[in-house]
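Structural characterization, general
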Amino acid sequence: MDALGVVIALVVLFVVAGAVMAVVGTVKAAKAVAAKVERHEAQARRAVENAALRAKSFAKPGSQGQLASARLSLRTSLDATRQVLEAGVAEDSQLSESLQLLARLDAHAVELDREMRALEREPDPGRVVARLPELKERAGRITHSAEAMRWAAQDRMRRFADDELARLGRECEDEAGALRHWDRVAGPDTASGAASAASAASAAGDGPKGLGTGGRLRAEDVLGLGEPLNRLADRLRKPHAGGA
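Residues numbered from 1 in each chain as written. Predicted model: local features only at pLDDT ≥ 70, side-chain atom pairs only at ≥ 80, totals over all residues. Heavy atoms only, no water.

Comments concerning the overall build of the protein chain
- What the protein chain contains, in helices and strands, is seven helices and zero strands.
- From first element to last, N terminus to C terminus, the protein chain shows the α and β order α-α-α-α-α-α-α.
- Relative to its 244 residues, the protein chain shows a buried fraction of 16%.
- Within the protein chain, contacts between residues at least 6 apart in sequence are counted, and of these 68% link residues at least 24 apart. (Helix = DSSP H or I, 4+ residues; strand = E, 2+ residues; numbered from the N terminus. Buried < 20%, exposed > 50% of the residue type's maximum accessible area, 1.4 Å probe, protein only. Contact = heavy atoms within 4.5 Å.)

Laid out in structure tokens, this is it:
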């Protein structure tokens, strides 16, 4: 009975643990789906708002159109910078710091957009005209900061791509040289053969005269008596020729 009770307790424990894990998994999946739906909903809502601002910037003249144009430029710049940074952060962790700065910049942009949206509903045109330069100046500063980060990130990614391409080109050249291994083998042999031939020719040219042509040296030449003997022979020949 004790063993049966232990087995039943273990089975109940496993069932309870499985149920808890299933509930936790379901809750996590539901949260993920809800977050995804909320994100897509926010993106759709922002796209609709941007389209409305674009229409206002063209349709409404004066300060209202300028407000709509400033809001649209601010949103567009921040969205473009966010897309560039999020696309490159997977390969370059340095961009995570840029994303943090962009989040702080986006907080200022949200506050400024709220002020400009409230000013669009202001019934007093004079107040709108008075506030418009200051709001546009703040929007320009935020837009400039966002664009500076976006352009720097783009230049950084392009530089990394150029460096990688140059390194890949050198590796391809090294591999091509390894595939043409016969050029490296034949080259030193040919050079050594030419060097041996040149050495042999030089040795032959620097040898003693008379030996290179196959002639032999006479004993008189070696002893230095060649010239006196030649003169003596000439003197002996002259009387003999006269007597004849």
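Next comes the rest of the account.
Focus: the side chain of Asp-79
- Along the chain, the position of Asp-79 falls in helix α2 (residues 62-88).
- On the accessibility criterion, Asp-79 (17% relative accessible area) is buried.
- In this view, Asp-79 contacts Arg-46 and Asn-50; residues no more than four positions away in its chain are not counted.

Details of the packing of α2 against helix α3 (residues 95-120)
- At a closest axis distance of 10 Å, the pairing of α2 and α3 adopts a crossing angle of 165°. As judged from the angle between their axes, α2 and α3 are roughly antiparallel. The two elements α2 and α3 meet at a crossing, and its hand is left-handed.
- For the contact of α2 with α3, the per-class residue count stands at 14 nonpolar, four polar and eight charged. (Axes fitted to C-alpha atoms, helices over the stretch in contact; angles between N-to-C directions. Parallel < 35°, antiparallel > 145°, perpendicular 65-115°, else oblique. Left-handed = near helix turned anticlockwise from the far one by under 90°. Nonpolar A, V, L, I, M, F, W, Y, C, P; charged D, E, K, R; others polar.)

Some details on a nonpolar patch on the surface
- Taken together, Leu-4, Ile-8, Val-12, Val-16, Val-20 and Val-24 make up a surface patch of nonpolar side chains, about 500 Å² in accessible area.
- Inspection of the secondary structure assignment puts Val-16 in helix α1 (residues 2-59). (Patch = residues over 30% accessible without salt bridge, like charges linked within 9 Å, V, L, I, M, F, W, Y side chains within 5 Å. Areas by Shrake-Rupley, 256 points an atom, 1.4 Å probe, with all protein chains shown as cover. Salt bridge = Lys/Arg side-chain N within 4 Å of Asp/Glu carboxyl O.)

Comments concerning the packing of α3 against helix α4 (residues 125-179)
- Direction vectors running N to C along α3 and α4 enclose 160°, while the axes themselves pass 10 Å from each other. Overall, the two elements α3 and α4 adopt an arrangement that is roughly antiparallel. In this structure, the crossing between α3 and α4 has a hand that is left-handed. Residue-level contacts link Leu-95, Ser-98, Leu-101, Leu-102, Leu-105, His-108, Ala-109, Leu-112, Glu-115, Met-116 and Leu-119 of α3 to Arg-127, Val-128, Arg-131, Leu-135, Arg-138, Ala-139, Ile-142, Ser-145, Ala-146, Met-149, Ala-153 and Arg-156 of α4.
- Counted by class, the contact of α3 with α4 contains 15 nonpolar, three polar and five charged residues.

Considerations on the pattern of salt bridges
- Per the counting criterion, the structure on display carries 16 salt bridges.
- Linking Asp-113 and Arg-71 is a salt bridge whose minimum nitrogen-to-oxygen distance equals 2.8 Å. One end of the pair, Asp-113, is in helix α3; the other, Arg-71, is in helix α2, with 42 residues separating them in the sequence. An identical accessibility class is assigned to Asp-113 and Arg-71; each is buried.

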